[in-house]
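So the chains spell out like this:
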Amino acid sequence: MPTTKERQTTTTANNARREEYVVPEVNIFETKDGYVLEAEMPGVNKQGLEITLEGNEITIVGHRDNDSIPGELLFRERRLADYRRVFELDPAIETSKISAKTDQGVLTLTLPKSEKVKPRKIRVDD
Amino acid sequence: MNYLTRWQGHEVANWPVFGRLNSLRDELDRLFEPPFEALTRSSQLLSGWTPALDVYEDKDNVTVKAEVPGMKREEIEVSLHDGALTISGERKNENKHEGAEVYRSERFVGRFQRTVSLPSPIASDKVKAQYKDGILTITLPKTEEAKPRQIDVSVS
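Residues numbered from 1 in each chain as written. Chains lettered and ligands numbered in written order. Predicted model: local features only at pLDDT ≥ 70, side-chain atom pairs only at ≥ 80, totals over all residues.

Description of the sheet that holds strand S1 (residues 53–57) of chain B
Then step 1. Pairing is antiparallel in the open sheet, where five strands are placed in the order S6(A)-S1(B)-S2(B)-S8(B)-S7(B). Across the chains shown, the open sheet's two edge strands, defined by having one partner strand only, are strand S6 (72–75) of chain A together with strand S7 (128–132) of chain B. Strand-to-strand twist across the sheet, computed as the mean angle between neighbouring axes with direction ignored, equals 25 degrees.
Then step 2. With three bridges connecting them, S6(A) and S1(B) associate as antiparallel partners. In the strand pairing of S1(B), Leu73(A) is matched with Tyr56(B). (Pairing = 2+ DSSP bridges. Helix = DSSP H or I, 4+ residues; strand = E, 2+ residues; numbered from the N terminus. Axes fitted to C-alpha atoms, helices over the stretch in contact; angles between N-to-C directions.)

Rendered as structure tokens:
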């Protein structure tokens, strides 16, 4: 079952109140032990991350560490809004064991499956 | 005993159907992705990975900030040639999760190269580059001749 069905976030009242967010690009893998989610959030460090779990939904918010603007802007491509994306979790995930780390603007979430749903070989006794 | 065997057979036969339903759902998810996102992604598909960058200028420096998350410092190359700055690099496909099933693969893998022409002559020996939180910041000091200078008018 894919974990990580994404919830449509654009219509929530919460979102309408706040300014627009940037949707981070993600990779999601499933291994036999669980899921790994990598999200690209350049400009976000450990202090700027806000990860909340509510029911079976995980919300990732990244506040950019906007340092001083070095002079007059000549050319812009970067969007300076915060990041936000919501995922629905596979019920097999042991939510108390979710862990997160960040390195050079990439957040890695490790979402282990609970022991009882991991595939297991059953030995046949004689 | 006979009953149990037949029941198991039925259950096994059902599995592939579940698999197909799941991939159908993935297809549907993809269909309903926000159109803007899909647009930027497909345009990047044509041109490869083009990291977003900003250029700033003040009286002493030209500053370039580029978003290149998840790289190693040594994989990024910065060069200055004929008044143009080139940033390039390559993100390798690390097979960290070998044998894993991939549900989403939106992050770019491969080479990128961006060139920006600089608005002012640069003291190339004083250029500094810093890589932090996935953002590459290049500070390019202007040559003394290019800096605005105040000339004192002496009153005689």
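Some remarks on the nonpolar core
Then step 1. Counting residues in hydrophobic clusters, the biggest one holds 18 residues, and the most contacted among them are Ile28(A), Tyr35(A), Leu37(A), Ala39(A), Met41(A), Leu107(A) and Leu111(A).
Then step 2. Of all the secondary structure elements, the ones that give two or more residues to this core are strand S2 (26–30), strand S3 (34–40), strand S5 (57–62), strand S7 (83–88) and strand S9 (106–112) of chain A.
Then step 3. Broken down by element, the residue count for this core peaks at four residues, all from S9(A).
Then step 4. Core analysis: the next-biggest nonpolar cluster, separate from the first, contains 13 residues, Val55(B), Ala66(B), Ile87(B) and Leu140(B) among them. (Core = buried A, V, L, I, M, F, W, Y, C linked by C-beta atoms within 7 Å. Buried ≥ 20, exposed ≤ 12 C-beta atoms within 10 Å, placed from the backbone.)

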